[in-house]
Each structure stands twice: as structure tokens, then as C-alpha cells.
Amino acid sequence: MTTSILITGGAGYIGSHTLLEFLAAGYRPIVVDNFGNSSPEVLRRVEKLAGAPVRWHEGDIRDAQLLDSLFEQARRDGAPVDCVVHFAGLKAVGDSVAEPLEYYDNNVHGSIVLLKAMDRAQVKRIVFSSSATVYGEPVSLPYTESHRLAPANPYGQTKAMVETILADWCQAGAGRTAVNLRYFNPIGAHPSGTIGEAPRGRPNNLFPYITQVAVGKREKLSIFGRDYPTVDGTGVRDYLHVSDLAVGHVKAVEYAQATPGWVAFNLGTGRGTSVLELVHTFEAVTGKKVPYEFLDRRPGDLAGMWADPSAANEKLGWRATRTVEDMCRDGWCWQSGNPDGYV
Ligand code: NAD
Ligand code: UD1
């Protein structure tokens, strides 16, 4: 039987790259997005890249009637939704501390509304965008999926809560499947440079800040902390190419179709890179200078963290293949060709 997949937040940074991979793999995706942090232009560009139309609906996942109508429409079109890939949510840690209720409402309540609609439509599979932030202060590194969960801010709490809700939901009904993907630090862009990360306002994260300095939109990078117990005193993270991460979702849907129950996978490369290493690699690959200054540590930051991705390697058959050089080259291709993002 022909089936569809519903992608919530499919116009966002990771969602758009994943949408492209699903189209390339022959799936029939349907996107729902409220464009709160994205724009329909993203979907037009995905259509061009894929050479295929994209089915999309503007709306909010907290709108139960909208979700019911999307599931019903797919059924009437002869390709009922088989799996939901759930990206929609808010993701800025600082905002989540300032506006916790917005975060619990969008990320947790939104997920509950979605699961209830899935129940009504008898959709039993979901792939959820979780985060390495659920682990908190490392007891040991690399993090494995059994590392204790201790999120340090409301954003991280919403991810841990939804994971728990999904575990209880799976427990309560036969055949239900929830694949929780704990992303490490996705950066870069599709190699075409046509789609990429387009943060609104001042970027919170390191890589888009670097590219905005390189393109002349910001004067210099502030490096938060130079006294961490790391290779050069700056923070270490597990950066992975967003297109590798996107492929992980196709593998996760295949896995969900074969294996019922709740499961969590780290999606990372297993390698740490410091802030200075990333800056120097970016400069070497692009030939652009990135002026920087050192500031104090950013409150709440960890010294270092990276993944043990072996469970995803073995059980999903997924492995990150692109290098930090690839991430820098492709991220620069996007930023230099689109200095103002999708505007
Ligand atoms: P993004 O903001 O680019 O994408 C999220 C998309 O969801 C946006 O298009 C936004 O408009 C949409 N959206 C938000 N709330 C919605 C709602 N209530 N109804 C409908 N649409 C809604 O973010 P991203 O970087 O692509 O992240 C996608 C997911 O992955 C998020 O859940 C995020 O928390 C998670 N995640 C991201 C990272 C990262 O580094 N980018 C790391 C770990 C986890
Ligand atoms: C942040 C979030 C995390 C989220 C992840 C990916 C925090 C505390 N955590 O993680 O929840 O899952 O983004 O979206 O915000 N850095 C600078 N200068 C900058 C920006 C960052 O030096 O302008 C440093 C940081 O101190 C850190 C590294 O760069 O050492 C990476 O930072 P960032 O890209 O914000 O990612 P995380 O802190 O890992």
C-alpha cells in the first residue's frame, strides 16, 4: 500500500534538509509548519532541488482540527500517513529560560495534541527530534544513550518530557513506535548552497555566527571561555553535517517500520572539535578571515561533549560521513550565496 509521512516543522533548518532526503528516497512527505521560524520560500527551494512538488500546509501542531484534516486528506488520497517525523518546536535555550511557559506549551503540549491526533487516525509511528542537551553535565564521555538524563534548562526539560511521554504512549498501545533522535550539533548546509540555516536576529549558536562574521554581517566572533580543560581551552562539541543528520531520519523511519517500541539514538560523529579548531578549519577551507575575541564563559555551557554513535551505526545502519571541512565548505556556500538567508 502507498503511504505518506507527515513532517511537522518541515520548513525549518533540519526539517527542510530531511524533507529533501525523503523526497530523494521516494517517500511521499506532507509538511505542516506554522512558519514561526521559517518561510514558505524554503519549500519552493526544496521543490526545485528535488524536481518534485512538495505537499505542505501552513498551520500549528496545537490545532487538533487541522491535524485531523491532514490525516483524513492523506487517507482519502489513498496514501494514509504511516509515520510522523516531528521537528516542530522552539529551540532557543535562553528564550526558554525567559519564557518557559511558551516552551512547555509549544514543545510539550504541542506534542500531546499531535499524539492524540495520531491516535484518532490510528497512526502508530513517530520519529522525534530530541537533543543531546537531555544529558546535561556529563558523568562520563562519550555520552551513551543510557547516560542519566539531567537537562539544565526548560528547553532541555521539554525534550526529556516528550521522550517520557512517548515511552508511556508506546507502553499503552500495541504496535506503537517512537524513535527518539538525540542530535548533537548539526551545522553546514546542503552542498548546493540552496537551503541552509537562517537564524532570525543574532545567532545563538557558534557556526552561523562564524559564517555571518565571514560574510561581513557581524564584526567579530566572541569566543565564550578560553580556560576549559580541553585541547586549547575552548569548548568542545560534536558537530555533524545537517545532510548526514537528515539521512538519519530516513533510516529512523525504516527502523520504525520494522521495530515497534520506544528507543533513543545518539546522532553525532563521535568526534569532538573545539571552537578554535572549527574557526581555523573554516578559515582554511574558505580563505575568509574570522576575527575573534575571548570573553568569559557563557553561563550554563559545558566544557565538552560528544556522542557515542555506535547504537545508531549498528541498529539504524547510519553513520555520519561528512567531515568538518565539508560542513565549513557547504555552510559557507549557503551563507555567501544567501547573505540574508531566505529574504
Ligand atoms: P527550526 O526552528 O529551524 O525548525 C523548527 C520548525 O518548526 C520551524 O520551521 C518552525 O516554524 C516550526 N514550528 C515551531 N513550532 C511549531 C508549531 N507549534 N506548529 C507548527 N510548526 C512549528 O529548528 P531546527 O534547528 O530545524 O530544529 C528542529 C528540531 O530539532 C527542533 O525540535 C529542535 O528542538 C531540535 N533540535 C535542533 C538542534 C539544532 O542544533 N538545530 C539540536 C537538537 C535538537
Ligand atoms: C546549544 C544549546 C543546546 C542545543 C545546541 C544546538 C546552550 C547552552 N545549549 O548547544 O541546547 O541543543 O545549541 O542548537 O545554548 N560559542 C562561542 N561563541 C558563540 C557561540 C557559541 O564561543 O557566539 C561556543 C560555546 O561556548 C560552545 C560552542 O561554541 O562551546 C558551541 O556552542 P553552540 O553552537 O551554542 O552549541 P551548544 O552550546 O553545544
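Our subject is the structure listed above.
Residues numbered from 1 in each chain as written. Chains lettered and ligands numbered in written order. Predicted model: local features only at pLDDT ≥ 70, side-chain atom pairs only at ≥ 80, totals over all residues. Heavy atoms only, no water.

A few words now on the state of the cysteines. Taken as a whole, this structure holds 0 disulfides when the rule is applied. Of all cysteine sulfurs, the one in Cys333 lies closest to Cys328, which takes part in no disulfide; the gap is 13 Å. (Disulfide = S-S within 2.5 Å.)

What follows covers the site of ligand 1. Around ligand 1 sit 27 residues in total, of which Asp33, Asn37, Ser38, Phe87 and Tyr155 are the nearest. Between ligand 1 and Lys91, the relevant distance is 2.8 Å, taken from an oxygen atom to a side-chain nitrogen or oxygen of the residue. Protein coverage of the free-state accessible area of ligand 1, which is 810 Å², stands at 94%. Looking at the shell around ligand 1, the elements with two or more residues in it are helix H1 (13-24), strand S5 (125-131) and helix H6 (154-171). (Near = heavy atom within 4 Å. Polar contact = N/O pair within 3.5 Å; in protein donor to acceptor, adjacent residues only side chain to side chain. Areas by Shrake-Rupley, 256 points an atom, 1.4 Å probe, with all protein chains shown as cover. Helix = DSSP H or I, 4+ residues; strand = E, 2+ residues; numbered from the N terminus.)

With that settled, the discussion passes to the sheet that holds strand S4 (residues 81-86). Strand order in this open sheet of 7 strands is S3-S2-S1-S4-S5-S6-S11, and the pairing throughout is parallel. Each end of this open sheet is capped by a strand with a single partner; those strands are strand S3 (55-58) and strand S11 (261-267). Here the average twist between neighbouring strands, direction ignored, is 20°. Examined bridge by bridge, strand S1 (residues 4-8) and S4 share 5 bridges and lie parallel to one another. Looking across to S4, one finds that Thr8 is bridged to His86. (Pairing = 2+ DSSP bridges. Axes fitted to C-alpha atoms, helices over the stretch in contact; angles between N-to-C directions.)

Moving on, we get to empty space enclosed by the protein. Using the criterion set out here, one finds 1 cavity of 30 Å³ or more in the structure. Estimates place the volume of the largest cavity at around 40 Å³. Lining of the largest cavity is provided by His86, Phe87, Ala88, Asn107, Ser111, Phe128, Thr158, Lys159 and Val162. Broken down by secondary-structure element, the contributors of at least two residues to the lining of the largest cavity are helix H5 (100-121) and H6. (1 Å grid on protein atoms, 1.4 Å probe; cavity = no way out; pocket = protein on both sides within 12 Å on 5 of 7 lines; lining within 4 Å. Points joined across faces, edges and corners; volume = space filled by probe spheres on them.)

Right, let's talk about the environment of Arg218 for a bit. Along the chain, Arg218 turns up in the loop between helix H7 (206-214) and strand S8 (221-224). The sequence separation of Arg218 and Val253 amounts to 35 residues, and the corresponding C-alpha distance is 39 Å. With near-sequence residues (within four places) excluded, Arg218 lies in contact with Gly201, Arg202, Pro203, Tyr209, Gln212 and Val213. At 3.5 Å, the side chain of Arg218 forms a polar contact with the backbone oxygen of Gly201. Side chain to side chain, Arg218 and Gln212 meet in a polar contact 3.0 Å long. (Contact = heavy atoms within 4.5 Å.)

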